[in-house]
Amino acid sequence: DAGVTQSPTHLIKTRGQQVTLRCSPKSGHDTVSWYQQALGQGPQFIFQYYEEEERQRGNFPDRFSGHQFPNYSSELNVNALLLGDSALYLCASSFVGRGSDEKLFFGSGTQLSVL
Amino acid sequence: AQSVTQPDIHITVSEGASLELRCNYSYGATPYLFWYVQSPGQGLQLLLKYFSGDTLVQGIKGFEAEFKRSQSSFNLRKPSVHWSDAAEYFCAVGGGYSSASKIIFGSGTRLSIRP
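Just so you know, the residues in each chain are numbered from 1, in the order the chain's sequence is written. Chain letters and ligand numbers both follow the written order, the letters beginning at A and the numbers at 1. In keeping with the predicted nature of the model, local features appear solely for residues at pLDDT of at least 70, side-chain atom pairs appear and are counted solely at 80 or more, and the whole-chain, interface and lining totals rest on all residues. Note: side-chain values were computed over all heavy atoms of the structure, leaving out hydrogens and water.

Asker: With reference to specific residues and values, describe the nonpolar core.
Answerer: Across soluble globular proteins, nonpolar side chains show a tendency to be buried alongside one another. To define a nonpolar core, start from buried Ala, Val, Leu, Ile, Met, Phe, Trp, Tyr and Cys residues and group those joined through side-chain atoms within 4.5 Å. Three exposure classes are used, based on accessible area relative to the maximum for each residue type with a 1.4 Å probe and protein chains only: buried under 20%, partly exposed in between, and exposed over 50%. Core analysis: the largest hydrophobic core is formed by 27 residues, its most contacted members being B:Leu19, B:Trp35, B:Leu47, B:Leu48, B:Phe74, B:Leu76 and B:Tyr89. Segments assigned H or I by DSSP are reported as helices when at least four residues long, segments assigned E as strands when at least two residues long, and all are numbered from the N terminus. Contributing elements (two or more residues each) for this core: strand S2 (10-14), strand S3 (19-21), strand S5 (32-38), strand S6 (44-50), strand S8 (64-68), strand S9 (73-78), strand S10 (87-94) and strand S12 (109-114) of chain B. No other element matches S10(B), which puts four residues into this core. For this analysis, residues touch if any pair of their heavy atoms sits within 4.5 Å. Once residues within four sequence positions are removed from consideration, B:Leu47 is found in contact with B:Trp35, B:Tyr36, B:Val37, B:Gly59, B:Ile60, B:Lys61, B:Phe63, B:Leu76 and B:Tyr89. Core analysis: the second largest hydrophobic core is formed by 19 residues, A:Val32, A:Phe64, A:Leu81 and A:Tyr89 among them.

Okay, here's the thing in C-alpha cells:
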C-alpha cells in the first residue's frame, strides 16, 4: 500500500517563474492538504481540497493555487515565484469519512529552491 | 487567533532518561490537539491525538501526552528515550471541518539524544 507520494523531490527555480508540484494521496483517501515548511519552522497550512474543490485556505496569496483531479491526486501551483517561497512543500491526505478520527498522512515533500 | 507555542527550541537528554516537551495553545473552542514527529528528510508522522475523553492520551513509540485545559497545555512525555527518538517534534492544533482540517503547527522542538 503506497503512502502519499510527491513529485519532484527537489526543484530549483528562478524568481518570477511558475512551478507545479504534484501529490498522489494514500490509497483510499479523498482529501488532500498542502503545507509550506520554511527552514527551521513548523508547517503552515496552504489549502485543502475535497471533491475537487478548495474547502479551506490558509493565509497565502492568490499566487498559490491548486487543483484536485477525479482520482483524488492534486497539484499545487505557485506563480511569480519569490525568494521567500523557498521551502519544503508537504502534501497530506486523509479520508473525510472517518469524521473525528480523520488523520493526516504526510508525504516526504518537495524541496523548492528559488534563486 | 489560533496559535501554538513550543517554548523549547532544542532539548538534549541522555538515552534512557525521561522526556517532556512543552506545548501551549490558544484556541476559541475545544480543539483537536496533536503531536507529530519529523525525522530528517521525512514527512511528518502522527504520534498521538486528543479531542475529548481521557485527558491522558497514549500514542505510538511509547509516547503519551496530557491535556490540561486550565493551563492550555498539551505536553508530550516519554519515560525512557531511545537514540532513535532524535528528531523534530511538532505540537499542533486543529478544528476546521474535521480533525484533519487546517492544522496549525508550532515551530517545533529539536530533540537530541546524548549516548
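And the narrative resumes.
Asker: Explain the environment of A:Gln37 residue by residue, including any values.
Answerer: Tracing the backbone through its elements, the reader meets A:Gln37 in strand S4 (residues 31-37). If near-sequence neighbours (up to four positions away) are discounted, A:Gln37 is found in contact with A:Gly42, A:Pro43, A:Ala87, A:Leu88, A:Leu90, B:Gln38 and B:Phe90. By the criterion applied in these results, polar contacts are pairs of N or O atoms within 3.5 Å in which, for protein atoms, one can donate a hydrogen and the other can accept it, and in which residues neighboring in sequence qualify only through two side-chain atoms. Polar side-chain contacts of A:Gln37 include one of 3.0 Å to the side chain of B:Gln38.

Asker: Could you give an account of the state of the cysteines, with specific residues and numbers?
Answerer: All names here are of chain A. Put simply, a disulfide is two cysteine sulfurs that come within 2.5 Å. Using the criterion set out here, one finds two disulfides over all chains in the structure. Each disulfide pairs two cysteine sulfurs, and for Cys-23 the partner residue is Cys-91, the sulfurs being separated by 1.8 Å. Measuring handedness by torsion sign, the sulfur bridge of Cys-23 and Cys-91 sits at about -65 degrees and is left-handed. Taken together, the residues Cys-23 in strand S3 (residues 19-24) and Cys-91 in strand S9 (residues 87-94) connect sequence positions 68 residues apart. With respect to class, Cys-23 is no different from Cys-91; both count as buried.

Asker: Can you tell me about the pairing of S6(B), naming the residues and giving the values?
Answerer: Moving residue by residue along a regular strand, the side chains alternate between the two faces of the sheet. Residues and elements named next belong to chain B. In terms of residue burial, S6 counts as a mostly covered element, since six of its seven residues are buried. Note on pairing: two strands pair once DSSP finds at least 2 bridges between them. Direction of pairing for S5 relative to S6: antiparallel, over a ladder of six bridges. Paired with Trp-35 across the bridge in S6 is Leu-48. Remark: five residues form the turn of the hairpin made by S5 and S6, two consecutive strands paired antiparallel; Gly-41 in that turn has positive phi of roughly 75 degrees.

Asker: I'd like to hear about the interface of chain B and chain A, residue by residue, with values.
Answerer: Opposite the 21 residues of chain B that make contact, chain A presents 25 residues. At the boundary of chain B with chain A, total buried surface from both sides reaches about 1,700 Å², with 54% on carbon and sulfur atoms. Each salt bridge in this description consists of a side-chain nitrogen of Lys or Arg and a carboxyl oxygen of Asp or Glu lying within 4 Å of one another. The tally of links between chain B and chain A comes to zero salt bridges. Here chain B is connected to chain A by two residue pairs in polar contact (both at pLDDT 80 or more). Contributions of two or more residues to the side of chain B that touches chain A are made by S5 and S6 of chain B. As a working definition, buried area equals the accessible area (1.4 Å probe) given up by two parts on being put together, with both sides summed.

Asker: With reference to specific residues and values, describe unusual backbone geometry.
Answerer: Working note: non-glycine residues mostly have negative phi, and peptide bonds are mostly trans. All names here are of chain A. Along the chain, Ser-7 connects to Pro-8 via a cis peptide bond; the corresponding omega equals -10 degrees. As for its position among the elements, Pro-8 is in the loop between strand S1 (5-7) and strand S2 (10-13). One non-glycine residue, Glu-51, lies in positive phi territory at about 50 degrees. Along the polypeptide, Glu-51 turns up in the loop between strand S5 (44-50) and strand S6 (53-57). Overall, the relative accessible area of 57% leaves Glu-51 in the exposed class. Phi at Ala-80 is positive, roughly 45 degrees, even though this residue is not glycine. Within the secondary structure layout, Ala-80 lies in the loop between strand S8 (74-78) and S9.

Asker: Pulling in residues and values, what's your account of the packing of aromatic side chains?
Answerer: A pair of Phe, Tyr and Trp rings is counted when the ring centres sit within 6.5 Å of each other, with Trp represented by its six-membered ring. The angle between the planes then sorts it: under 30 degrees is stacked, over 60 is edge-to-face, the rest tilted. If you walk through the whole model with that rule in mind, you get 15 aromatic pairs over all chains. Aromatic side chains B:Phe90 and B:Phe105 sit 6.4 Å apart centroid to centroid with 85 degrees between the ring planes, which places their arrangement in the edge-to-face category. Of this pair, B:Phe90 sits in strand S10 while B:Phe105 sits in strand S11 (residues 104-105), and the two are 15 residues apart along the sequence. A residue is classified by how much of its surface remains accessible, and B:Phe105, at 9% relative accessible area, is buried. The ring of A:Phe105 carries the charged tip of A:Lys26 above its face, separated from the ring centre by 5.2 Å. A cation over a ring is seen here: A:Arg55 above A:Tyr50, with NZ or CZ 5.1 Å from the ring centre. A positively charged side chain is recorded as over a ring if its NZ (Lys) or CZ (Arg) lies within 6 Å of the ring centre. The angle to the ring normal must also be within 35 degrees.

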